[in-house]
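One letter stands for each residue in the lines below.
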Amino acid sequence: MGQYHKLINTTKKEFVVGHDIGIMAKHYEQIGFEGSMADVLYCLMIAQGNDRRGGGDVSGHKFIGHWTGDQVAIVGDYYSEDTDKPEYTSLYDIVEYDKHYKNISPSIRSMLRAVYPKLKIKKEYFTTKNLDGTEVKIAMWNREWKPYANSTKLKGVA
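Residues numbered from 1 in each chain as written. Predicted model: local features only at pLDDT ≥ 70, side-chain atom pairs only at ≥ 80, totals over all residues. Heavy atoms only, no water.

**Structural notes on helix H3 (residues 105-115)**
Within the sequence span of H3, burial applies to Ser 105, Ile 108, Arg 109, Met 111 and Leu 112. The buried residues of H3 all sit within an arc of 160° when viewed along its axis, so they share a single face. Along its buried surface, H3 packs onto strand S2 (14-17), helix H1 (37-44) and strand S4 (102-103). (Buried < 20%, exposed > 50% of the residue type's maximum accessible area, 1.4 Å probe, protein only. Helix = DSSP H or I, 4+ residues; strand = E, 2+ residues; numbered from the N terminus. Arc of directions from axis to C-beta. Contact = heavy atoms within 4.5 Å.)

**A few points about the pairing of strand S1 (residues 5-9)**
The element S1 is extensively covered by neighbouring structure, given that five of its five residues are classed as buried. Of the two faces of S1, both are covered, the one formed by His 5, Leu 7 and Asn 9 as well as the one formed by Lys 6 and Ile 8. Here five bridges tie S1 to strand S3 (residues 72-76), and the two strands are oriented antiparallel to one another. In the strand pairing of S3, Lys 6 is matched with Val 75. (Pairing = 2+ DSSP bridges.)

**So, the packing of aromatic side chains**
By the definition in use, this model includes one aromatic pair. Seen in terms of ring centroids, Tyr 79 and Tyr 88 are 6.3 Å apart; in terms of plane orientation they differ by 80°. Their pairing is edge-to-face. Across the ring face of Tyr 92, the terminal group of Lys 6 is positioned such that the distance to the ring centre comes to 4.0 Å. (Phe/Tyr/Trp six-rings, centres within 6.5 Å; stacked < 30°, edge-to-face > 60°. Lys NZ or Arg CZ within 6 Å of the ring centre and 35° of its normal.)

**As for H1**
All of the buried residues along H1 are Met 37, Asp 39, Val 40, Cys 43 and Leu 44. Along the long axis of H1, the arc covered by the buried residues comes to 155°, so they all point the same way.

**Looking at the sheet that holds S4**
Read across the sheet, four strands follow the order S3-S1-S2-S4 without closing on themselves; strand pairing throughout is mixed. Two strands bound the open sheet, and with one partner strand each, they are S3 and S4. Here H1 sits on the sheet in contact with S1, S2 and S3, set at roughly 5° to S1. Docked against the sheet, H3 engages S2 and S4, running at close to 65° with respect to S2. (Axes fitted to C-alpha atoms, helices over the stretch in contact; angles between N-to-C directions.)

**Overview of the pattern of salt bridges**
Where charged atoms of side chains with opposite charge meet at close range, the side chains can pair. Per the counting criterion, the structure on display carries three salt bridges. Ionic pairing is found between Lys 12 and Asp 70, a salt bridge with its closest N-O pair at 2.6 Å. Residue Lys 12 is located in the loop between S1 and S2, and its partner Asp 70 is located in the loop between H1 and S3; the two are separated by 58 residues in the primary sequence. In this structure, Asp 51 engages Arg 53 in a salt bridge whose closest nitrogen and oxygen atoms are separated by 2.9 Å. (Salt bridge = Lys/Arg side-chain N within 4 Å of Asp/Glu carboxyl O.)

**Considering the environment of Ile 31**
Examined against the element boundaries, Ile 31 turns out to sit in the loop between S2 and H1. Judged by relative accessible area, which is 40%, Ile 31 ranks as partly exposed. Excluding its chain neighbours within four sequence positions, the residues that come into contact with Ile 31 are Ser 36 and Ala 38.

**Things to note about the pairing of S2**
Covered by surrounding structure in S2 are Glu 14 and Val 16 together with Phe 15 and Val 17, the residues of both alternating faces. For S1 and S2, the ladder comprises four bridges, and the chain directions are antiparallel. When the sheet's bridge partners are listed, Asn 9 is paired in S2 with Glu 14. From the end of S1 to the start of S2, which pair antiparallel, there are four residues, and Lys 13 there has a positive phi angle of about 60°. Pairing of S2 with S4 involves two bridges; the strand directions are parallel. Along S4, the bridge assignment pairs Glu 14 with Lys 102.

Dropping the structure here:
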């Protein structure tokens, strides 16, 4: 099936989930296109933060530079082997249940809209029912994007 990954800041106890910002969660599904997880990490790590100092600088959102200097890792759901660094073992799952960790994906969606004003989000949630009949809204970030693998530049490359 493949391994899913989250971007996790162990210093600030925050994390970003690909599915929650409108992208998929495997390595190749999170890189190589505008608004990718690589872009998210880059923007979060800009040392000058939101302080625009010249043409081409990224600005317009309070989370730009928010993780500068912090310990950050990309951790997968299969990260549980004895040979893995113990501080990251099972962290993929732990962040979802540990009340000290916060999913900042909603703020990241907002940041991506500031950095890439042309990003399109078709629908922001869908409604489903729990087994007990109660309704719940679930975020659904279905963005329009074209990974490089689908570009004409790389057509025919597996």
